[in-house]
Amino acid sequence: MSQEWLTTVVYLAWLVGAACFVLGLHQMNSPATARNGNRLSAVGMAIAVVATLFGLVTGPGGLSGIAWAIILVGLAIGGGAGWYTARTVKMTAMPQLVSIFNAVGGGAAALVAIDDFIRLSSEGASLSTTIFVVLGAVIGSVTFSGSLIAGGKLQGLIPGKPIYAPGGQLTTIAVAAIAAIGTIVLILGAGGALELTSSTTLIVLGLVVATGLIFGITMVLPIGGADMPVVISLLNSFTGTAAAMAGFVIQNPVLIISGALVGASGGILTKLMADAMNRSVLNIIAGGFGGGEGTVAAMTGVGGSVRAVSADDAAIQMAYAQNVIIVPGYGLAVAQAQHQVRELAELLESRGVEVKYAIHPVAGRMPGHMNVLLAEANVPYPQLKEMEEINPEFDRADVALVVGANDVTNPAARRPGNAISGMPILNVDHAKSIIVIKRSMGRGYAGMDNELYTDPKTGMLFADAKEGLAALAVAVKAL
Amino acid sequence: MSPDLLTSLAIFVLAILVGFEVISKVPATLHTPLMSGANSIHGIVLVGAMFIASQADNPVSYLLAFIATTFGAMNVVGGYVVTDRMLQMFRKKPTAPKAASGSGGASGASGA
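On a predicted model such as this, the values are computed, not experimentally measured, just so you know.

### Digging into the overall build of chain B
Thinking step 1. Counting secondary structure elements, chain B contains five helices and zero strands.
Thinking step 2. Across chain B, helices and strands are ordered from the amino to the carboxyl terminus as α-α-α-α-α.
Thinking step 3. Relative to its full complement of 112 residues, chain B shows a buried share of 52%.
Thinking step 4. Considering only intrachain contacts with a sequence separation of at least 6, the fraction spanning at least 24 residues in chain B is 59%.

Below, the structure is given as structure tokens:
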């Protein structure tokens, strides 16, 4: 085959790969086809990688021995590490693993851009190429360090509470300004407006990459652990954009298409999650009220008294109910109590109680994470109900069991004038009786008292989610 | 700008729009697998890493290309495997035994 034919074949294979990504994502619309969708996307990836290898081997100059070694050893080590960690990670630790994978993806994009820049700076790159290269390097660096910090926070290696760099937001802004100035200098240099020697440009690039890395750290550190899902989603979108930038540099359609797809999806997810928490993305990134104390708490006084309930009493209520709705939240995910909740639900079902789960869109540590955790504990998928679907059913529910969920159950959200006004909530207060498993009367993420807890219908079972559920199960068994 | 670049820009913009269309229809329950699935797709940067590996001709480039390839491969393989593990769990349990025990229990409860 002539060279033109070979190039055409490789290019078409890339397009097939890109089409697989789009169709695969589309199939992830529904639980029934989602797994196939992911596999289709993986097939597309395999096609794109093999086509690239084929193109490199048959291309002008072929592939040198060293290049072969780099690619094969890199694939083996990276692929092996990815395979092993993905197979062995516990499902509760899965959000941080996704964050790590996002970090290495961003790192790879940054390294590709840096290497391109070094090569181009000696040859003299065009203005547009330089723009994409520098953007790829900056965005990739930010995602690399930012995702590592986000993963560290979720893993508990770094405290989840907001941490402020010396100088606070000013430091972050200053770092961002230096990165921006460096980027502009490089672009002006490529455009001929500035005379830069090739060693100067490399130093400036080093500075830009370093400030990008620092910016990733100072951006994520002040954000509270509960907001990490939004941050990971945002960084995921960044990585996609960085990959697309790399695609512009090497004129590769599959990189551009996939990068843009991921950039769009990460953007949508980020916005959906922020909406569900009644916050703007900017608000979260700026450290919003996650770190503020006392400012919003004064809105509601602790009116009414709290009624504590014992595990035995709670068990009797549930065991003799017609239907029970379980509301799992962040506390359940943290306590890793998904197996205990399923055990309790099965005990109740064996007594003829109808059990459903009400899943708030942001329950858990990532959107949809609660579904994954409960699915892992073998909770049948049809029992998991989304907010819009379950909310009317609370009116008919005999008992609502709230496990480690707080702000998403606070009726105060229906009134204007407080920190969570307008946030979509689960209508837990409509149930005939409410049991809340909670460690203390501590406030939720928004820093507000939950009016649900002082509702006369509510009984508080003060316990860790895991212990509380286990105690309930024992009590139900004993009935 | 060169015609090639303009074509690339057109592809970029259209792909963003396709991404919005395809993804905005996903139910919230699948958002975590979706995030993970999208996360594996940006592992496509592995292709870029292979490109720089093929052009590398000095120790610095060798090193950069090697790390980039390793990172990219980890992103791709790990991303798809962990997404598959998540989605594997969204299976429906056989409902027959549950329904049986449910009706039996209900009659018992009404009797009580």
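From this point on, the discussion continues.
### Regarding helix α6 (residues 169-191) of chain A
Residues and elements named next belong to chain A.
Thinking step 1. With 23 residues, α6 ought to run about 33 Å at 1.5 Å a step, and its terminal C-alpha atoms sit 33 Å apart, in line with that.
Thinking step 2. Check the buried side of α6 and you find it contacts α5 (127-155) and α7 (198-220).
Thinking step 3. Taken from the residues just after α6, Gly 192 is the one with a positive phi, measuring 90°.

### Describing the interface of chain A and chain B
Thinking step 1. The interface of chain A with chain B comprises 100 residues on the first partner and 85 residues on the second.
Thinking step 2. Top contributing element to the side of chain A that touches chain B by residue count: helix α4 (residues 94-123) of chain A, with 17 residues.
Thinking step 3. Of the residues belonging to the side of chain A that touches chain B, the class tally is 60 nonpolar, 31 polar and nine charged.

### Some words on the confidence of the model for chain A
Interpretation of this model should avoid reading the predicted coordinates in detail wherever pLDDT is low.
Thinking step 1. When the pLDDT values of chain A are averaged, the result is 86; 93% of them are 70 or greater.
Thinking step 2. The element-level mean pLDDT for chain A is lowest in helix α10 (residues 281-285) of chain A, coming to 77, with helix α3 (residues 65-88) of chain A highest at 95.

### Digging into the environment of Val 249 of chain A
Residues and elements named next belong to chain A.
Thinking step 1. For Val 249, the location among the structural elements is in helix α8 (residues 228-249).
Thinking step 2. The spacing of Val 249 and Thr 130 is 119 residues in sequence and 8.3 Å in space, taken between C-alpha atoms.
Thinking step 3. Leave out the neighbours within four places in its chain, and Val 249 touches Ala 113, Asp 116, Thr 129, Phe 132, Val 133 and Gly 136.

Parameters and conventions
- Counting from 1, residues in each chain are numbered in the order their sequence is written.
- The naming scheme follows written order: chains are lettered A onward, ligands numbered 1 onward.
- Note on the predicted model: pLDDT of at least 70 is required for a residue's local features to be given, and 80 or more for side-chain atom pairs to be given and counted; whole-chain, interface and lining totals, by contrast, use all residues.
- Only runs of H or I of at least four residues qualify as helices and only runs of E of at least two qualify as strands under DSSP, and these elements are numbered from the N terminus.
- To assign burial, the other C-beta atoms lying within 10 Å of each residue's own C-beta are counted, with C-beta atoms placed from the backbone; 20 or more indicates buried, 12 or fewer indicates exposed, and intermediate counts indicate partly exposed.
- Contact between two residues is assigned when their C-beta atoms, built from the backbone, lie within 7 Å.
- Multiplying 1.5 Å by the residue count of a helix minus one yields the expected span of that helix.
- When residues are sorted by character, Ala, Val, Leu, Ile, Met, Phe, Trp, Tyr, Cys and Pro go into the nonpolar class, Asp, Glu, Lys and Arg into the charged class, and all the rest, Gly among them, into the polar class.
- The predictor attaches a confidence to each residue, and that confidence, scored 0 to 100, is pLDDT.

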